[in-house]
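The residues making up each chain are set out below.
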Amino acid sequence: MTTQQYHIDGMTCAACSSAVERVTRKLAGVERSDVNLTTGRMTITYDEGRVNPELIQDRVSKAGFSASLVEEVGEQESRARDEEEWRRQGEELDEVKRRVITAVLFALPLLYISMGHMVPFPLPLPSLIDMYESPLGFALAQLILTVPILICGRKFYIVGLRTLFKGHPNMDSLVAIGTGSAFIYSLVMTARIPQNPMNAHHLYYESAAVVVTLVMLGKYMESRSKGKTSEAIRKLMELAPDTAVLYEDGMEREVETSSVTLGQHILIKPGSRIPLDGILVQGSSSVDESMLTGESVPVEKQVGDRVIGGSMNYNGAMEVEVTHVGSDTMLSKIIHLIEDAQGRKAPISKLADQVAGYFVPAVMAIALMSALAWWIFGGRDLAFVLTIFVAVLVIACPCALGLATPTAIMVGTGVGAGHGILIKSGEALEICHKVDAVILDKTGTITEGKPRVTDVVAVGKCPEGREEELLKMAGACEQMSEHPLGQAIVNFAREKQMELPMPSSFESITGAGILTQWEGRRVAVGNIRLLEQLHVTASDETREQAARFANEGKTPMYVVEDGRLAGIICVADTIKETSLEAVKQIRGLGIAVYMVTGDNWKTAEYIGRQAHVDQVVAEVLPGDKADVVSRLQREGKTVMMVGDGINDAPALVQADVGCAVGSGSDIALESGDIVLMKSDLMDVYRAIRLSKATIRNIRQNLFWAFFYNVLGIPVAAGALYLLGGPLLSPMIGGLAMSLSSVCVVGNALRLKTLKL
């Protein structure tokens, strides 16, 4: 099986995208085919042994559209291609704008001539084109003004009639048949005016022309609004600079970013963007990674730290060794994830697509039957029947249905990306709002994932400040240790800005601790085994205190000075500052929160009580976490698994929604349906809120799209007229149809104002 993307040309509404999906899904060997009307792309998965690109393109062509394969190219070429596509779209939008302006300039005098005699105070007209003094001149003036408008809107007739003859009519077909019928009828009436001047009362040039003008105006506004939905990707693409300063043999040289290779060194000057991912080998600075991770506070970078291409360097010069180039950079992967998410449909969109696929033929049938009913049973003349026919055709636009889901998903994923929340698919975004059970891994998710000193306790009756001396002594001696617990003590002492002289001798005792000589003293730091080996005794009070620390999930480290127990330093994996608030907010949404860990029960229960989770599952092997997810799913729950994306991979895959936490690591990007670029549990809450807001927005869009058509079609068919009300003008129908699509896109854009 292979998955490819195709750019589809000629689509104008949901009926078009539904037709392309329908004909490609019928191909034997096609597993999946999704067409995104907003991006104009089709994502198709098929068996290479049974289907090939030529067959796909031929099938799409027979449906009345054209398909071109979006080939995988290098990062630079991909960026250039996207920029070229946006430039082309901009030019097309400018061309549509010019046509709309031209159509409006002709439509205004046309309305003046055709409708001027209907206002309470008749508008003056030259006798040459006055309906009563010169009926033929009156008709010809309208014809002359109508033809340029129809030429400006010729795309409706070209595309609409082509898809109609191909058997897949779309919105353009409705406009083409409706306005074309009105125009041809008016031509016939014009030709008959010399025989009967009263035929001048049966002209519908203004209906045809104004409907085309209003639909063009609506399409222009819709296209302009749709362009705003892809701003997130554009902004990300603009982050990576085109050039980099290469540093070789002590010389600086500016080169194109695309020419830099792995292992080369680049210079990042203050105030410039970092072009590629790498490791800082010299210098230090503050770096703004907000556009990539959503982290608003600048991150301090020291030698050995990773820097991300596209982030902004603030105040220091840095020399960076390049570790990722081209499509392997973090920025490229993020852009690819967002594009992929926007191209994959949410299940909620299937209903709209199915309806849209049959909608246009149904509307044509309704328009024809309504017109015939008024003619046969209502005894109305041809002019009245034509008004009904045209009004039904132009008011029933499936565009709003087709735009309801993809526009909201595009904006929603863009909002998430701006907050460091990468949602990989529309399906994940939709399922997320139904989650009623969240499973949190402990280490690295609820907790920091690295040991930290929590308590420093001096033993016996010691003078004030003895704890600081104890920490300094232990920190100095542990500097030569590679054990993570020892490094935690060193880091904590350095945070306190303590000077740490190196010990004069150092010996590591495996599984117990270290023995050192420091400033003339024999100092040992280790666990209870070290005390036993050194034959150092601890008082009952000290042992009870150590046991209490152990029950709280802390690891007691004993400090021995010249054969005497001097104190205890406790190290533990501490809870992140935001975890408590995150769990509280998630539970506030009515979602049960579980904590799953491989740690012992005592430590797990202590952390669970601190975090206020609903249930703790401890002493679980990495492979068994998926079983916990399965158990909850069998109980009927929709489960989100939140883990670091590495040892939690089986559970992330098993869950309904896998949420990978990992500060944007490569592995996190590959695993999980949602990636949290910051290791912040509050982003789980934000992701759920974003999902709920997006689905609510989609439902609003679908409701109004369906409601509009359910209400509009009967009115256009003359339901109000039957009850003594007015008959709907095709011009009003055209305006309402255009505004419905603009309203749907506008409603989706409201998501940009969402405060997560």
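These numbers were taken from a predicted model, which means no experiment stands behind them.

Engineer: What exactly am I supposed to notice about the sheet that holds strand β13 (residues 318–324) here?
Structural biologist: What links the strands of a sheet is backbone hydrogen bonding, and the strands pair in either a parallel or an antiparallel sense. Judged by pairing direction, the sheet is antiparallel, and its six strands sit side by side in the order β6-β5-β7-β13-β8-β11 without closing on themselves. Two strands lie at the open edges of the sheet, namely β6 (251–256) and β11 (306–307), each paired on one side alone. Of the pairings in the sheet, the one linking strand β5 (residues 243–248) to strand β7 (residues 265–268) comprises two bridges and is antiparallel in character. Paired with valine 245 across the strands is leucine 267, a residue of β7.

Engineer: Any chance you could explain the pairing of strand β2 (residues 30–36) here in plain terms?
Structural biologist: Side-chain direction in a regular strand flips from residue to residue, so the side chains alternate between the two faces of the sheet. With five of seven residues buried, β2 is to be regarded as a mostly interior element. As paired strands, β2 and strand β3 (residues 41–46) are joined by six bridges and run antiparallel to one another. Residue valine 35 lies in a different strand from β3, and its bridge partner there is methionine 42. What sits between the antiparallel neighbours β2 and β3 is a turn of four residues, in which glycine 40 has the positive phi angle 70°.

Engineer: Honestly, the domain arrangement of the chain in this entry has me stumped. Any pointers?
Structural biologist: Interface size, as often reported, equals the accessible area lost upon joining of the parts. Domain boundaries in the chain define domain 1 (2–72), domain 2 (77–219), domain 3 (243–328), domain 4 (331–420 + 685–755), domain 5 (421–447 + 576–684) and domain 6 (448–574). Each partner contributes residues to the interface: domain 4 has 26 residues there, and domain 5 has 28 residues. Roughly 2600 Å² of surface becomes buried between domain 4 and domain 5 when both sides are summed, with 66% attributable to carbon and sulfur atoms. Counting the surface domain 4 buries against domain 5, the share from its top three residues, Tyr685, Arg686 and Ile688, is 27%.

Engineer: How should I be thinking about the packing of aromatic side chains in this particular structure?
Structural biologist: Two numbers describe a pair of aromatic rings. These are the distance of the centres and the angle of the planes. On inspection of all chains with the given rule, the structure shows eight aromatic pairs. The structure contains a cluster of three or more aromatic residues connected by ring pairs, namely Trp374, Phe384 and Tyr721.

Engineer: What's the story with the UniProt feature "domain: HMA" (unreviewed entry) in the chain in this structure? I'm lost.
Structural biologist: What UniProt calls "domain: HMA" (unreviewed entry) maps, in this numbering, to residues 2–68. Between the C-alpha atoms that bound residues 2–68 there is a distance of 16 Å. The span itself is 33% helix and 36% strand.

Engineer: Explain the UniProt feature "transmembrane region" (unreviewed entry) in the chain to me, please; I cannot follow it from the model alone.
Structural biologist: Feature annotation in UniProt places "transmembrane region" (unreviewed entry) on residues 96–115, 135–153, 174–191, 203–221, 355–377, 383–404, 702–722 and 728–749, given in this structure's numbering. Counted over residues 203–221, helix gives 89% and strand 0%. Its end C-alpha atoms are 29 Å apart. Its end C-alpha atoms 29 Å apart, residues 702–722 is made of 90% helix and 0% strand.

Engineer: What is the right way to read the sheet that holds strand β22 (residues 592–596) from this model?
Structural biologist: The strand order β14-β26-β25-β24-β15-β22-β23 describes an open sheet built from seven strands, whose pairing is mixed. Only two strands of the sheet have a single neighbouring strand rather than two, namely β14 (421–423) and β23 (615–617). Direction aside, the axes of adjacent strands within the sheet are offset by 20° on average. Against the sheet, helix α25 (residues 682–716) makes contact with β14, β15 (437–441), β24 (639–643), β25 (657–661) and β26 (674–676), and its axis sits at roughly 45° relative to β14, the strand it touches most.

Engineer: Please explain helix α2 (residues 53–62) as it appears in this structure.
Structural biologist: The opening residue of α2, the one whose side-chain oxygen lies 3.1 Å from the backbone nitrogen of glutamate 54, is asparagine 52. At the C-terminal side of α2, glycine 64 shows a positive phi close to 105°.

Engineer: In this structure, what is going on with the side chain of aspartate 277? I would like to understand it.
Structural biologist: Its location among the elements puts aspartate 277 in strand β8 (residues 277–283). Here aspartate 277 sits buried without a salt bridge, and the closest side chain of opposite charge, arginine 306, lies 5.9 Å off (N-O distance). There is a polar contact of 2.7 Å between the side chain of aspartate 277 and the backbone nitrogen of methionine 330. Other than its neighbours up to four places away in sequence, aspartate 277 contacts Val307, Ile308, Gly309, Glu321, Val322, Thr323, His324, Asp328, Thr329 and Met330.

Engineer: What's the story with the pattern of salt bridges in this structure? I'm lost.
Structural biologist: Oppositely charged side chains can form a pair if their charged atoms are brought close together. Considering all chains together, one arrives at 23 salt bridges under this definition. As a salt-bridge pair, lysine 554 and glutamate 552 come within 3.1 Å of each other at their nearest N and O atoms. Residue lysine 678 pairs with aspartate 683 through a salt bridge whose shortest N-O separation is 3.9 Å. Take lysine 678: its relative accessible area is 13%, and that puts it in the buried class. Relative accessible area serves as the criterion here: at 0%, aspartate 683 is assigned to the buried category. Through salt bridges with shared partners, one network takes in Arg466, Glu469, Glu519, Arg521, Glu561 and Arg564.

Engineer: Just checking my understanding: could you explain the pairing of β3 for this structure?
Structural biologist: Of all six residues in β3, five are buried; the element is thus mostly enclosed. In this structure, strand β1 (residues 2–9) lies alongside β3, joined through six bridges in antiparallel fashion. What sits directly across from threonine 3, in β3, is threonine 45.

Engineer: Sorry if this is basic, but what is going on with the environment of threonine 2 here?
Structural biologist: Take threonine 2: it is sitting in strand β1. Along the sequence, threonine 2 and leucine 727 sit 725 residues apart, while their C-alpha atoms lie 54 Å from each other. Every residue in contact with threonine 2, bar those within four places of it in the chain, is listed here: Ile44, Thr45, Tyr46 and Glu48.

Engineer: Explain the packing of helix α16 (residues 466–477) against helix α17 (residues 484–495) to me, please; I cannot follow it from the model alone.
Structural biologist: Two packed helices can be described by the angle between their axes and the distance between those axes. At a minimum axis separation of 8 Å, α16 and α17 run at an interaxial angle of 125°. With respect to α17, the axis of α16 lies oblique. Seen from above, α16 lies across α17 with left-handed handedness. The residues of α17 that touch α16, namely those facing Leu471, Ala474 and Gly475, are Ile489, Val490, Phe492 and Ala493. By residue class, the composition of the contact of α16 with α17 is six nonpolar, one polar and no charged.

Engineer: Hey, could you run me through a nonpolar patch on the surface in this one?
Structural biologist: Among the surface-exposed residues, Leu368, Leu372, Trp375, Ile376 and Phe377 lie close enough to one another that they form a single nonpolar patch of about 600 Å² accessible area. Here phenylalanine 377 lies in the loop between α11 (349–376) and α12 (382–395).

Parameters at a glance
Residues numbered from 1 in each chain as written. Predicted model: local features only at pLDDT ≥ 70, side-chain atom pairs only at ≥ 80, totals over all residues. Heavy atoms only, no water. Pairing = 2+ DSSP bridges. Helix = DSSP H or I, 4+ residues; strand = E, 2+ residues; numbered from the N terminus. Buried < 20%, exposed > 50% of the residue type's maximum accessible area, 1.4 Å probe, protein only. Domains from an automatic or database assignment. Contact = heavy atoms within 4.5 Å. Buried area = accessible area lost by both parts, 1.4 Å probe. Phe/Tyr/Trp six-rings, centres within 6.5 Å; stacked < 30°, edge-to-face > 60°. UniProt positions renumbered as here; feature names shortened; annotations may be inferred. Axes fitted to C-alpha atoms, helices over the stretch in contact; angles between N-to-C directions. Polar contact = N/O pair within 3.5 Å; in protein donor to acceptor, adjacent residues only side chain to side chain. Lys, Arg positive; Asp, Glu negative; His and termini not counted. Salt bridge = Lys/Arg side-chain N within 4 Å of Asp/Glu carboxyl O. Parallel < 35°, antiparallel > 145°, perpendicular 65-115°, else oblique. Left-handed = near helix turned anticlockwise from the far one by under 90°. Nonpolar A, V, L, I, M, F, W, Y, C, P; charged D, E, K, R; others polar. Patch = residues over 30% accessible without salt bridge, like charges linked within 9 Å, V, L, I, M, F, W, Y side chains within 5 Å. Areas by Shrake-Rupley, 256 points an atom, 1.4 Å probe, with all protein chains shown as cover.

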